[in-house]
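Structure at a glance
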Amino acid sequence: MKHFINLKDIPAKDLRKIITDAKKRKKQRKKLNNLEVDKGSPLRGKLLVQMFEKSSLRTRLSFYLAIKQLGGSTLTLRPDELHLSKGGESIQDTAKILSNFGNAFMLRTSKDEKLEEFKKYLSIPIINGLSPSSHPTQILSDIFTVEEIKKKPISKLNITWIGDSNNVLNSLIAASIKFSFKLNIGCPTKYQPSKIIMKYIKSNNNKIRILHDPKKAAKGADVIFSDKVISMNDKVNKSKKLGQFKKFKINKKLMSLAKKNCIFLHCLPRGKEVEEDVFLSKKSKVWQQALNRVHVQKSILLYCFGKLR
Ligand code: CP
Ligand code: NVA
């Protein structure tokens, strides 16, 4: 049994194995409908319990399809209907019940510590479905999408992030270290990665550059990523922050500084950080990116269950 909490704590060879497995599985089920089960039903009889403390559309749907396609099933708990939040039931007791009734637990949380606390008491795998500090399932799936489109290992590509230093970027930074790819980060000075992340970058890698000019960040990119300026956990003066990101908006001009065949990716939901004519352009691969979450999460589940081929 393995947990999936942060990319930085998972061996690079395991992350690569997950991507390779997802590639094979996606290819093998080309002709199957969404709810048809993969040959061999590898997770038959298994229950994935999901809980979202914050909104979700894609993560919810993709985990639903992922476990179904592996032959298992899922149940989504509403945190406001549990004793855990309302009646003061402990994480320890909740975890015991989850472990007795379910086979894996996917948690989207507003507190990173909760993932660790659950991990301590669960005897089933826990998967981080987004926390304030990371979004590992998203980024692993995005690596898959980049390699699928570019038909090259990501280590041979120039990746650019233009936007806020948030949970998604933190996972992209971890991925840059694990998969050894060049990463340009374009963000306002005030919004560069936290001290802890900067320390992590410095002690692990010299392929990451932080730039405060979006044009410099975009130059020569094979892929440009962005995300909302205001994340779900952001307790800031929203209009002020949006103003500070004005010149970091992704528009056609900025895209034209990247390589000719540069693609645009965004985990969604979007805000105003990208112009409509880029978001809806041929360069934008955001719908393919969203759908790939199903394929990669299936292999993440198999990894957690110790069933990766
Ligand atoms: N990208 C992503 O995680 O989307 P949701 O918040 O809708 O799950
Ligand atoms: N950074 C965003 C990602 C949403 C999927 C957030 O945390 O709100």
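Bear in mind that the values here come from a model prediction, so they are computed numbers and not experimental data. (Residues numbered from 1 in each chain as written. Chains lettered and ligands numbered in written order. Predicted model: local features only at pLDDT ≥ 70, side-chain atom pairs only at ≥ 80, totals over all residues. Heavy atoms only, no water.)

**A short note on the overall build of the protein chain**
Scanning the protein chain from terminus to terminus reveals 12 helices and nine strands. Along the first, second and third principal axes, the C-alpha set of the protein chain runs to 55 × 45 × 35 Å. For the protein chain, the residues scored as buried account for 54% of the 309 residues in total. Considering only contacts within the protein chain whose residues lie at least 6 apart along the sequence, 73% involve residues at least 24 apart. As presented, the protein chain carries roughly 15,000 Å² of accessible surface, and 53% of it is formed by carbon and sulfur atoms. Across the protein chain, the mean location of the 64 positive side-chain charges is 7 Å away from that of the 26 negative side-chain charges. (Helix = DSSP H or I, 4+ residues; strand = E, 2+ residues; numbered from the N terminus. Buried < 20%, exposed > 50% of the residue type's maximum accessible area, 1.4 Å probe, protein only. Contact = heavy atoms within 4.5 Å. Areas by Shrake-Rupley, 256 points an atom, 1.4 Å probe, with all protein chains shown as cover. Lys, Arg positive; Asp, Glu negative; His and termini not counted. Charge placed at Lys NZ, Arg CZ, Asp CG, Glu CD.)

**Let's talk about the nonpolar core**
Counting residues in each nonpolar core, the largest one holds 56 residues, and the members touching the most others are Phe4, Leu140, Ile159, Ile173 and Leu301. Sort the elements by how many residues they give to this core and helix 6 (residues 167-179) lands first, with eight residues. Not counting chain neighbours up to four residues away, the residues in contact with Leu301 comprise Leu43, Leu48, Phe63, Ala66, Ile67, Leu70 and Ile127. One finds Val229, Phe248, Met255 and Phe264 within the second-largest nonpolar core, a separate group that totals 22 residues. (Core = buried A, V, L, I, M, F, W, Y, C linked by side-chain atoms within 4.5 Å.)

**Notes on the site of ligand 1**
Around ligand 1, a shell composed of Ser55, Ser56, Leu57, Arg58, Thr59, Arg108, His135, Gln138, Cys267, Leu268 and Arg293 is seen. Note that a nitrogen atom of ligand 1 is positioned 2.9 Å from one of the side-chain N or O atoms of Gln138. One of the backbone N or O atoms of Leu268 is found 2.9 Å from a nitrogen atom in ligand 1. For ligand 1, whose unbound accessible area comes to 250 Å², protein coverage reaches 96%. Classifying every residue of the shell around ligand 1 by side-chain character gives three nonpolar, five polar and three charged. (Near = heavy atom within 4 Å. Polar contact = N/O pair within 3.5 Å; in protein donor to acceptor, adjacent residues only side chain to side chain. Nonpolar A, V, L, I, M, F, W, Y, C, P; charged D, E, K, R; others polar.)

**Some points on the site of ligand 2**
The full set of residues close to ligand 2 is Leu130, Asn166, Asn167, Val168, Asp227, Ser231, Met232 and Leu268. Here an oxygen atom of ligand 2 and a backbone polar atom of Met232 are 2.8 Å apart. Burial of ligand 2 by the surrounding chains reaches 96%, relative to a free accessible area of 270 Å². Of the residues contributing to the shell around ligand 2, the split by class is four nonpolar, three polar and one charged.

**What to know about the sheet that holds strand 3 (residues 104-108)**
Read across the sheet, four strands follow the order 2-1-3-4 without closing on themselves; strand pairing throughout is parallel. At either end of the open sheet lies a strand with only one pairing partner, and these are strand 2 (73-77) and strand 4 (126-128). The average undirected angle you get between the axes of adjacent strands in this sheet is 20°. Examined bridge by bridge, strand 1 (residues 47-52) and strand 2 share five bridges and lie parallel to one another. Within strand 2, the residue paired with Leu47 across the bridge is Ser73. (Pairing = 2+ DSSP bridges. Axes fitted to C-alpha atoms, helices over the stretch in contact; angles between N-to-C directions.)

**Some thoughts on unusual backbone geometry**
Note the cis peptide between Leu268 and Pro269, where omega equals 0°. Structurally, Pro269 is set in the loop between strand 9 (263-266) and helix 11 (276-279). Unlike most non-glycine residues, Leu130 shows phi in positive territory, near 120°. Within the secondary structure, Leu130 sits in the loop between strand 4 and helix 5 (136-150). Residue Leu268 is not a glycine yet carries a positive backbone phi of 70°.

**Some words on the packing of helix 1 (residues 12-28) against helix 5**
Contact pair helix 1 / helix 5: the axes reach a minimum separation of 10 Å and the direction vectors enclose 60°. As far as their axial angle goes, helix 5 and helix 1 are oblique. Crossing handedness for the pair helix 1 and helix 5: right-handed. Facing helix 1, whose interface residues are Leu15, Arg16, Ile18, Ile19, Ala22, Lys23 and Lys26, helix 5 presents Leu140, Ile143, Phe144, Glu147 and Glu148. (Parallel < 35°, antiparallel > 145°, perpendicular 65-115°, else oblique. Left-handed = near helix turned anticlockwise from the far one by under 90°.)

**As for the pattern of salt bridges**
Within this structure, the stated rule accounts for 17 salt bridges. We note a salt bridge from Asp9 to Lys8, for which the minimum N-O separation is 3.3 Å. When the shortest N-O distance is used, the salt bridge between Asp38 and Arg25 registers 2.8 Å. Of this pair, Asp38 sits in the loop between helix 1 and strand 1 while Arg25 sits in helix 1, placing them 13 residues apart in sequence. (Salt bridge = Lys/Arg side-chain N within 4 Å of Asp/Glu carboxyl O.)

**Some remarks on helix 2 (residues 58-69)**
Taking 1.5 Å of rise per residue, the 12 residues of helix 2 would be expected to cover 16 Å, and the 16 Å separating its terminal C-alpha atoms lies within 8% of that figure. Along helix 2, the residues that are buried comprise Thr59, Ser62, Phe63, Leu65, Ala66, Ile67 and Gln69. Buried positions along helix 2 lie against strand 1, strand 2, strand 3, strand 4, helix 5 and helix 12 (286-304). (Expected span 1.5 Å × (residues − 1).)

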